[in-house]
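# Summary of structural features
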Amino acid sequence: MRHAGETVVVISHGLVLDLAYRAANGIALDYNNRPAEALTEFRAAFDLDPANTGLALQLAETYRTRYDMTNALAVLDAAIAANPKSGEPLLARGLVLRANEDPTGAIASFQQALQLDPIHYGAIRALAETYLNKTDTNAVVALLDQAYRRKSTDPFYWMAIGDLHYYALRQIPSLAARVERNRARECYEYAHGLAPTNTD
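These figures come from a predicted structure and were not determined experimentally. (Residues numbered from 1 in each chain as written. Predicted model: local features only at pLDDT ≥ 70, side-chain atom pairs only at ≥ 80, totals over all residues. Heavy atoms only, no water.)

### With respect to the overall build of the protein chain
Along the protein chain, the regular secondary structure elements total 10 helices and zero strands. Counting from the amino terminus, the protein chain carries its helices and strands in the arrangement α-α-α-α-α-α-α-α-α-α. Taken over 200 residues, the protein chain has a buried fraction of 40%. Looking at the protein chain alone, contacts between residues at least 24 apart form 55% of all its contacts between residues at least 6 apart. (Helix = DSSP H or I, 4+ residues; strand = E, 2+ residues; numbered from the N terminus. Buried < 20%, exposed > 50% of the residue type's maximum accessible area, 1.4 Å probe, protein only. Contact = heavy atoms within 4.5 Å.)

Set out below in structure tokens:
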């Protein structure tokens, strides 16, 4: 399955089969704790279809777990170039940069992801976490305010934003003086109203 905004590239039936085999073999090798061989298969699959965001994310994560940030970023940069309307590789790029102790670069990537999809709660959460790590309370308050005022009919978005409010207040209790106390509850109530049968 491709991600929203991902470029569709037509490839031959034979290449599709080869790509599927490589990807499946990589997953099996990874599951059997053979990471070096898994990496080779994921790389081969990605080279067959560089516009496939799912493959790019898998390969980048494999590089990241091996602390090979250079190759992780190279893969994600290729995915971003191939899928300029998708926020997923930008989010992943930000996470790699943050893990590589580059919060400034991470913030820029998260912000770019939100420009493409303003209600991408994964990017909102990642950006908030990065601001909190920097103790940038002004940025945290502004981001929470923006997230609260977004228009979304997705109950999971509102659950995530409610959770984020509580998380931010636990990390920096003094934010309670600057963030409306009832916002988290309102987010949960809105989520319940959109999906009344969801009791999670």
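### Points about the packing of helix α8 (residues 137–149) against helix α9 (residues 155–171)
Contact pair α8 / α9: the axes reach a minimum separation of 10 Å and the direction vectors enclose 160°. In this view, α8 runs roughly antiparallel relative to α9, as classed from their interaxial angle. When you trace α8 past α9, the crossing you get is left-handed. Every residue of α9 that contacts α8 at V140, L144, A147 and Y148 is listed here: Y157, W158, I161, L164, H165 and A168. Across the contact of α8 with α9, the residue classes tally to nine nonpolar, one polar and no charged. (Axes fitted to C-alpha atoms, helices over the stretch in contact; angles between N-to-C directions. Parallel < 35°, antiparallel > 145°, perpendicular 65-115°, else oblique. Left-handed = near helix turned anticlockwise from the far one by under 90°. Nonpolar A, V, L, I, M, F, W, Y, C, P; charged D, E, K, R; others polar.)

### A word on helix α4 (residues 69–82)
The first and last C-alpha atoms of α4 sit 20 Å apart over 14 residues, in line with the 20 Å expected at 1.5 Å per residue. All buried positions along α4 are accounted for by M69, A72, L73, V75, L76, A79 and I80. Along α4, the residues classed as buried sweep out an arc of 160° about the axis, all on the same side. More than 90 degrees from the buried face of α4, the exposed residues found are T70 and A81. Contacts made by the buried residues of α4 are with α2 (35–48), α3 (53–65) and α5 (88–99). (Expected span 1.5 Å × (residues − 1). Arc of directions from axis to C-beta.)

### Considering the pattern of salt bridges
Following the criterion strictly, the structure yields 11 salt bridges and no others. One salt bridge connects R34 with E37, and the closest N-O pair in it is separated by 2.7 Å. (Salt bridge = Lys/Arg side-chain N within 4 Å of Asp/Glu carboxyl O.)

### What to know about the side chain of H120
Within the element layout of this structure, H120 appears in the loop between α6 (103–116) and α7 (121–133). Beyond its immediate chain neighbours, meaning those up to four positions away, H120 contacts E88, L91 and L114.

### Considering α2
For α2, which comprises 14 residues, the first-to-last C-alpha distance of 20 Å matches the rise-based estimate of 20 Å (1.5 Å per residue) to within 8%. Within α2 the residues assigned to the buried category are A38, L39, E41, F42, A45 and F46. All buried residues of α2 project into a common sector of 165° when viewed along the axis, lining one side.

### Re the confidence of the model for the protein chain
Considering every residue of the protein chain, the mean pLDDT works out to 88; 90% of them sit at 70 or more. Contacts from residues 6–11, a stretch scored under 50 in pLDDT, to residues over four places away or in other chains number 15 contacts. (pLDDT = per-residue confidence, 0-100.)

### Observations concerning the side chain of E41
Within the secondary structure, E41 sits in helix α2. In this structure, E41 is in contact with Y21, R22, N25, G26 and L29, ignoring residues within four places of it in sequence.

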